[in-house]
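Architecture at a glance
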Amino acid sequence: MTAASTFHVSHKACHAPLVIALHCSGGSGRQWRNLAERLDDSCRFIAPDLIGAPGGGTWTGAGAFHLADEAVGILEMIDHHDGPVHLVGHSYGGGLALHIAATRPDRLASLSLYEPSAFPPAARAGL
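Within every chain, residues take consecutive numbers counted from 1 along the sequence as written. In keeping with the model being predicted, local features are shown solely for residues with a pLDDT of at least 70 and side-chain atom pairs are shown and tallied solely at 80 or more, while totals for entire chains, interfaces and linings include all residues. Water and hydrogen atoms were dropped before computing side-chain values, which therefore reflect all heavy atoms in the structure.

As for unusual backbone geometry
With glycine set apart, most residues show a phi of negative sign, and most peptide bonds adopt trans. Worth spelling out the cut-off: Put simply, DSSP H or I for four residues or longer makes a helix, DSSP E for two residues or longer makes a strand, and each gets a number counted from the N terminus. For every residue, the accessible area obtained with a 1.4 Å probe (protein chains only) is divided by the maximum for its type, and the residue is called buried under 20%, exposed over 50%, and partly exposed between those limits.
At Ser 91, a position not held by glycine, the phi torsion is positive, near 55°. One can find Ser 91 in the loop between β4 (85-90) and α3 (92-103). The class for Ser 91 is buried, based on a relative accessible area of 18%. The backbone of Glu 115 sits at a positive phi, close to 50°, despite the residue not being glycine.

Overview of the packing of helix α2 (residues 67-79) against α3
How we decide: Between N-to-C directions, angles cover 0 to 180 degrees, with each direction set by a line fitted to C-alpha atoms, over the stretch in contact for helices. For a crossing to be left-handed, the near helix must be turned anticlockwise from the far one by less than a right angle; the clockwise case is right-handed. Contact between two residues is taken to exist if any of their heavy atoms lie within 4.5 Å; hydrogens are not considered.
As a packed pair, α2 and α3 sit with axes 10 Å apart at the nearest point and diverge in direction by 65°. Of the two possible hands of crossing, α2 and α3 adopt the one that is right-handed. Contacts from Leu 67, Ala 68, Glu 70, Ala 71, Ile 74, Leu 75 and Ile 78 in α2 reach Tyr 92, Gly 95, Leu 96, His 99, Ile 100 and Thr 103 in α3.

Observations concerning α2
Residues that lie three or four places apart on an α-helix share one face, since the helix turns once every 3.6 residues. Note the cut-off: How far a helix is expected to stretch is found by multiplying one less than its residue total by 1.5 Å.
Look at α2: 18 Å from first C-alpha to last across 13 residues, which is about the 18 Å you get at 1.5 Å a residue. Those residues of α2 that sit buried are Leu 67, Glu 70, Ala 71, Ile 74, Leu 75 and Ile 78.

Topic: α3
In a regular helix each residue adds 1.5 Å, so twelve residues correspond to 16 Å; α3 covers 17 Å between its end C-alpha atoms and thus fits that length. Here α3 has its buried residues at Gly 93, Gly 94, Gly 95, Leu 96, Ala 97, Ile 100 and Ala 101. Contacts made by the buried residues of α3 are with β2 (18-22), α2, β4 and β5 (108-114).

Some details on the confidence of the model for the chain
Inclusion rule: Scored from 0 to 100, pLDDT records how confident the predictor is in each individual residue.
Confidence in the prediction for the chain averages 82 pLDDT; 80% of positions are at 70 or higher. Note that pLDDT drops below 50 for residues 1-5; the model gives that stretch 17 contacts with residues more than four away or on any other chain.

Examining the nonpolar core
The line we're drawing: We call a set of buried Ala, Val, Leu, Ile, Met, Phe, Trp, Tyr and Cys residues a nonpolar core when their side-chain atoms join them within 4.5 Å.
If you look at the biggest cluster of nonpolar residues, it comprises 17 residues, and the most contacted ones within it are Ile 20, Leu 22, Ile 78, Leu 87, Leu 96 and Ile 100. For this core, the element with the highest residue contribution is α2, accounting for five residues. When sequence neighbours within four positions are dropped, the list of residues in contact with Leu 87 reads Ile 20, Leu 22, Ala 97, Ile 100, Leu 108, Ser 110, Leu 111 and Ser 112. Counting residues in each nonpolar core, the second largest holds eight residues, with Val 19, Ala 21, Trp 32 and Cys 43 among its members.

As for the pairing of strand β3 (residues 44-48)
For clarity, the threshold we go by: For two strands to count as paired, DSSP must find a minimum of two bridges between them.
β3 sits mainly inside the fold: five of its five residues count as buried. Where burial is concerned, the two faces of β3 agree: the one with Arg 44, Ile 46 and Pro 48 and the one with Phe 45 and Ala 47 are both buried. Inspection of the sheet shows β2 paired to β3 by three bridges, in the parallel sense. Residue pairing for β3: Leu 18 is matched across the bridge by Arg 44.

Regarding the pairing of β4
In terms of burial, β4 is largely enclosed, as five of its six residues are buried. Here five bridges tie β2 to β4, and the two strands are oriented parallel to one another. Following the sheet pairing, Ile 20 is matched in β4 by Leu 87. The sheet contact formed by β4 and β5 spans six bridges and is parallel. Across the sheet, residue His 90 finds its bridge partner in β5, namely Tyr 114.

Rendered as structure tokens:
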């Protein structure tokens, strides 16, 4: 597995609000281009390419793949940011955002999900 690359990053002060947008499966960070263009210049914006996306690297196949594996890089971004974090996710990215929110609930200022895929939580619940 390789670290996620980033499609768009704005370079604001580290204490500025951070928006991290997570794309759907089959997509890339470019999915969030319109959102990035519409956001106020007072916040930072990151839309990483997730594993399997053109710039996101590939899964090595060493063991089963878990959302926790995908979340590592995003959690590092959150942990290294001093200000509030707004997490946005679509489909697969929404399921990943749910996982991240459960892992770092005290670090998130907001969570916006669009058609989130929550297959692992549904499977654990026996649905």
